Amino acid sequence: SKRVLPASLLNNTMDPLPAAADAPSRVEATGPRVRRRSRVVEWTIFFTISFNILSLLKLGPIAHSSVKDQNEINNSPQRQRQRQRQQHGGAIVDVSTVNLLDLMFHNPPPQIKHTMKANNGNHQVDKNSTAMASALLKIQMHMYDILARWNLLAEDLGIDRWVVHGGSAMGAKCFGGMNPWDDDIDMTVLDCKLLDYLWETGEQNVTKYYPNLDERSHSMDNWAALWDSRLIKVREHDMILSRGSRCCGWYKLMSMDLAFLWKPGDAIMGVELECMSRGSSQREKNVMRASGWTKYLQGTKELVTLPFGSTTIKTMQPSLLNTYIRKRYGKQSPCQFPFSDGGGAEKNPSISALSDEINHTKTFQLDQQKAQMNFVLKNWYVPKFQREKWLKQKGDKNQLEYTTQLPNLDKIEIDNSISPNGCSWQSNSSSSSDAANIKVIGWNAERGKHWDKFYTMIQEKVELQEPMVILLNEMDVGMARSGNVHTVRQLAIQLGMNYAYGVEFLELTRGTQEEQEATKTQRDSLSLHGNAVLSKCVIGDGMILRDPLPAQYFSDKPERGINADGFEVRLGGRMGLFVRIFQHPSPLIPDLRNFRADKFDIPEPLPDHFVVGNVHKVEENVNNREILWNYFGFGAPAPNISIHEGNGVDLAASQHGVIVQGDFGPQFCSLGGLKKMNNYKIHQTFRVNCLPAGKVEIGPLSGDFFCSNMRASRAVEVTAPCDWSDAKKPLTMADHAIVSIEVASNKK
């Protein structure tokens, strides 16, 4: 059918415009349809897993500073602010982006083999990671601007069957925008006849109107490629539409601002518009046919419109997009890249339960939430070269000095965006009391690698269903043994719970002897291990209590129960993570406070709250006792009594009570003025061995205690962490059992 084009698109007669003030001057201006020559060959996709990323970008090693300088950059607030204030054309350099680039270039994941073709384009980028981040962010800003104008152009032309492809499709699924490392946007248009007409009626002589613009920024003519350009208007804005031939039969759309960024040696930039009607690139054509994209795009079924940076894009429904990415890049779980190679199956029970017919947008939002790692990268990232250097120094007994160099070690990641409206305290229906009642689960999850099966257990086991709080030990972030993911964030998003996470150790090896053997072809992307609190409620006012690191943890000399017979080498320190949980958001809730043993604090005027905490083998001493009493809001312990005497009382009217759980000694509860809720005779939790036919052995040790100054409205229950999907070979998810309890508030 014929379409009537808007006058603004049909009328491409233009008056000469003054040259941009910052445009590079041309040596020579020529007439219309001048053939341009350049050594630059057409490029398309920055990201590909078929080739080593280093060879793709042709980068040399990024220069690194000394340990002292690196520590200064990471730890000095002045230096951090200085880095974040760096601006290049309005693009603020974000520390997390710099760290992500460093991770990609110096610690790439192993490349899995597949048969799909890929293009190793020549993208010219600076070899310095900070400068590279600046350049990428600047280009990405221009790309989003062009995409926004494309949306207007497509609307004016009546082009409604188009989708993003390639790396841009992965960015749409995982990041809600361009991949952090990407510098272009790729799209496929079903029928380019209207674009053909727009190009044919466009102004041939771009130089006439922009004499200071280098022609090589938008045109070329050599044996490999021909790009011929036209000046067009999109809603009164000048843009350049270049059409390719020889190498490629598609279009590039660029803004004038982006064209003026071009410098000798650069490729022609712009949003790429491949035309299915004229034949897409061979690499895309094969994958689109195999994944069902071609048939779908040629049909009339819904295309999903998603937020993409500052604008929107169109893509296929989630199941087709996943199939396309799997065939195009060989990735089963692409949102784990670059932290993992993405070759393993996605652990997403709740997402897979959402059918495409229910809510496409929600499915994509969950994917994007899971992929977000900005806090970790910005605050805790330690480059691989530094981790390797510290590992070589193991056993030198300088572990305390090295630990001080870890960036933001006692900072807590708190994310209240997952359950932003908070929770409601529940009364115990089986009790005559109307006091607030909360269910708490505790577990030493042994790396957290089976978080997905734990999620399933919470849904299926009555004693675990609908918890208000989950307290977790030994949770990995960026460790090969657990899939190189943020295990806490993955679980929290599945459960719809907010979370707090604190780092206990920077792991300098891949773990135990068995774990190292199982991951010998892999690498740790971030090497973090720590404690977590999950809650439906709003989390705030966090504190970390940390012990100094003994030398045995930073040594390969075997120490039983300390360093896995010398295979684990660590920096950091055993710690407890404590937070307050609130029913609703409030400006009165602080994120983090540092408590001292010699200055006691009553938590007023905070809103109503519970104190919850997770502890992993913290020492029982006077200093820790006083810090605990301080944070718990109990006031100073009575003088002239032992460290294990005294009962804590909530002095603040807004505090309902305190509950702590973890892997610690039997007297830790009394250290904090709390009473032990477990019965050591019946609540055995270690070691767990799951047996065939639904049987299990637990014992002989009792641990994983709950401590509280509240009464139990439901006694402690022990749940075996067993997956009997294979009845003959059951999976033991961790060597510690799961414990749960319900407690009632001390306040009416």
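You'll find the structure just up there.
Residues numbered from 1 in each chain as written. Predicted model: local features only at pLDDT ≥ 70, side-chain atom pairs only at ≥ 80, totals over all residues. Heavy atoms only, no water.

Draft legend 1. A look at the overall build of the protein. Helix and strand content of the protein: 23 helices and 30 strands. Looking at the protein alone, contacts between residues at least 24 apart form 78% of all its contacts between residues at least 6 apart. (Helix = DSSP H or I, 4+ residues; strand = E, 2+ residues; numbered from the N terminus. Contact = heavy atoms within 4.5 Å.)

Draft legend 2. Geometry of the sheet that holds strand 26 (residues 705–708). Strand order in the open sheet formed by six strands is 18-20-21-22-26-23, with mixed pairing between adjacent strands. The open sheet terminates on both sides in strands that have one partner only, identified here as strand 18 (538–546) and strand 23 (675–676). Of the strand pairs in this sheet, strand 22 (residues 655–663) and strand 26 are connected by four bridges, and their pairing is antiparallel. Counted as the bridge partner of Ile659 is Ser708 from strand 26. (Pairing = 2+ DSSP bridges.)

Draft legend 3. How the structure looks around the pattern of salt bridges. For the coordinates displayed, the defined rule picks out 31 salt bridges. Here Asp196 ties to Arg243 by a salt bridge, and the two come within 3.8 Å at their closest N and O atoms. Of this pair, Asp196 sits in helix 8 (residues 193–200) while Arg243 is found in strand 7 (residues 237–245), placing the two residues 47 residues apart along the sequence. Relative accessible area serves as the criterion here: at 15%, Asp196 is assigned to the buried category. Take Arg243: its relative accessible area is 22%, and that puts it in the partly exposed class. (Salt bridge = Lys/Arg side-chain N within 4 Å of Asp/Glu carboxyl O. Buried < 20%, exposed > 50% of the residue type's maximum accessible area, 1.4 Å probe, protein only.)

Draft legend 4. Up close: the sheet that holds strand 7. One open sheet accounts for seven strands, arranged 3-4-9-8-7-6-5; its pairing is mixed. In the strand order of this sheet, the two ends are held by strand 3 (162–164) and strand 5 (220–221), each with one partner. Bridging between strand 6 (residues 226–234) and strand 7 involves nine bridges; their strand directions are antiparallel. Residue pairing for strand 7: Val234 is matched across the bridge by His237. Packed onto the sheet, helix 6 (residues 129–157) meets strand 3, strand 4 (186–189), strand 6, strand 7, strand 8 (251–255) and strand 9 (271–275) and runs at close to 115 degrees relative to strand 8. Each of strand 6, strand 7, strand 8 and strand 9 touches helix 8; the most contacted strand, strand 7, lies at about 110 degrees to it. (Axes fitted to C-alpha atoms, helices over the stretch in contact; angles between N-to-C directions.)

Draft legend 5. Looking closely at the state of the cysteines. Evaluated as defined, the whole model comprises five disulfides. Across a sulfur-sulfur distance of 2.1 Å, Cys174 and Cys335 are joined as a disulfide pair. In this structure, the disulfide formed by Cys174 and Cys335 twists by about -90 degrees around the S-S bond and is classed as left-handed. One end of the pair, Cys174, is in helix 7 (residues 166–174); the other, Cys335, is in the loop between helix 13 (318–329) and helix 14 (349–352), with 161 residues separating them in the sequence. (Disulfide = S-S within 2.5 Å.)

Draft legend 6. Structural context of the packing of helix 15 (residues 360–371) against helix 20 (residues 487–495). Following both chains from N to C, one finds helix 15 and helix 20 inclined at 155 degrees, their axes separated by 9 Å at the closest point. Judged by the angle between their axes, helix 15 and helix 20 are roughly antiparallel. Relative to helix 20, the crossing made by helix 15 is right-handed. The segment helix 15 lies against helix 20, with Leu366, Gln369 and Lys370 engaging Arg489, Gln490, Ile493 and Gln494. Across the contact of helix 15 with helix 20, the residue classes break down as two nonpolar, three polar and two charged. (Parallel < 35°, antiparallel > 145°, perpendicular 65-115°, else oblique. Left-handed = near helix turned anticlockwise from the far one by under 90°. Nonpolar A, V, L, I, M, F, W, Y, C, P; charged D, E, K, R; others polar.)

Draft legend 7. Focus on the packing of aromatic side chains. Taken as a whole, this structure holds 20 aromatic pairs when the rule is applied. Between the aromatic rings of Phe175 and Trp181, the centroid separation amounts to 5.8 Å while the plane-to-plane angle is 90 degrees, which identifies the pairing as edge-to-face. Residue Phe175 is classed as partly exposed on the basis of its relative accessible area, which comes to 28%. Of the residues examined, Trp181 reaches a relative accessible area of 0% and is grouped as buried. (Phe/Tyr/Trp six-rings, centres within 6.5 Å; stacked < 30°, edge-to-face > 60°.)

Draft legend 8. Region of interest: unusual backbone geometry. The peptide bond linking Phe686 to Arg687 adopts the cis configuration, its omega dihedral lying at 10 degrees. One can find Arg687 in strand 24 (residues 686–691). In this structure, the amide linkage connecting Gly699 to the following residue, Pro700, adopts the cis form with an omega of 15 degrees. Mapped onto the elements of the fold, Pro700 is located in strand 25 (residues 695–701). For Asp704, which is not glycine, the phi dihedral falls at a positive 50 degrees. Locating Asp704 in the fold gives a position in the loop between strand 25 and strand 26. On the basis of relative accessibility, which here comes to 1%, the residue Asp704 falls in the buried class.

Draft legend 9. Focus on the nonpolar core. Counting 72 residues, the largest nonpolar core has Trp150, Met187, Leu195, Leu273 and Trp293 as the members making the most contacts within it. With nine residues, helix 6 is the single largest residue contributor to this core. In this structure, Leu195 is in contact with Trp150, Leu153, Leu157, Ile159, Leu241, Tyr251 and Leu273, ignoring residues within four places of it in sequence. Counting 63 residues, the second largest nonpolar core, distinct from the first, contains Phe339, Val376, Leu534 and Phe554. (Core = buried A, V, L, I, M, F, W, Y, C linked by side-chain atoms within 4.5 Å.)

Draft legend 10. Representation of the side chain of His142. For His142, the location among the structural elements is in helix 6. Assessed through its relative accessible area of 17%, His142 is described here as buried. With residues up to four places along the chain from it excluded, the contact list for His142 reads Ser255, Asp257, Leu258 and Leu261.

Draft legend 11. Structural detail: the environment of Val743. Topologically, Val743 is positioned in strand 30 (residues 738–744). Taking relative accessible area as the criterion, Val743 reaches 0% and is therefore assigned buried. Spatially, the C-alpha atom of Val743 lies 9.7 Å from that of Val658, the residues being 85 residues apart in sequence.

Draft legend 12. Layout of the side chain of Ser217. For Ser217, the location among the structural elements is in the loop between helix 9 (206–209) and strand 5. A polar contact is formed between the side chain of Ser217 and the backbone oxygen of Asp214, at a distance of 2.7 Å. When near neighbours in sequence (up to four residues on either side) are disregarded, Ser217 contacts Met254, Ala259, Trp262, Ile268 and Met269. (Polar contact = N/O pair within 3.5 Å; in protein donor to acceptor, adjacent residues only side chain to side chain.)

Draft legend 13. Representation of helix 5 (residues 95–106) within the structure. Taking 1.5 Å per residue as the helical rise, helix 5 with its twelve residues ought to reach 16 Å, and the 16 Å between its terminal C-alpha atoms agrees with that figure. Burial runs high along helix 5: eleven of the twelve residues are buried. For helix 5, the complete set of buried residues consists of Val95, Ser96, Thr97, Val98, Asn99, Leu100, Leu101, Asp102, Leu103, Met104 and Phe105. (Expected span 1.5 Å × (residues − 1).)

Draft legend 14. Summary view of the pairing of strand 16 (residues 498–507). Taken across its ten residues, strand 16 has ten buried, putting it largely inside the fold. Where strand 12 (residues 413–415) and strand 16 come together, three bridges link them in antiparallel fashion. Directly across from Asp415, in strand 16, lies its bridge partner Tyr499. As judged from the eight bridges shared by strand 16 and strand 17 (residues 528–535), these two strands associate in the antiparallel manner. Looking at strand 17, one finds that Asn498 is bridged to Ser535. Here strand 16 pairs with strand 19 (residues 570–572) via three bridges, running antiparallel. In the strand pairing of strand 19, Phe505 is matched with Gly572.

Treat this as a map of the structure, not an account of what it does.
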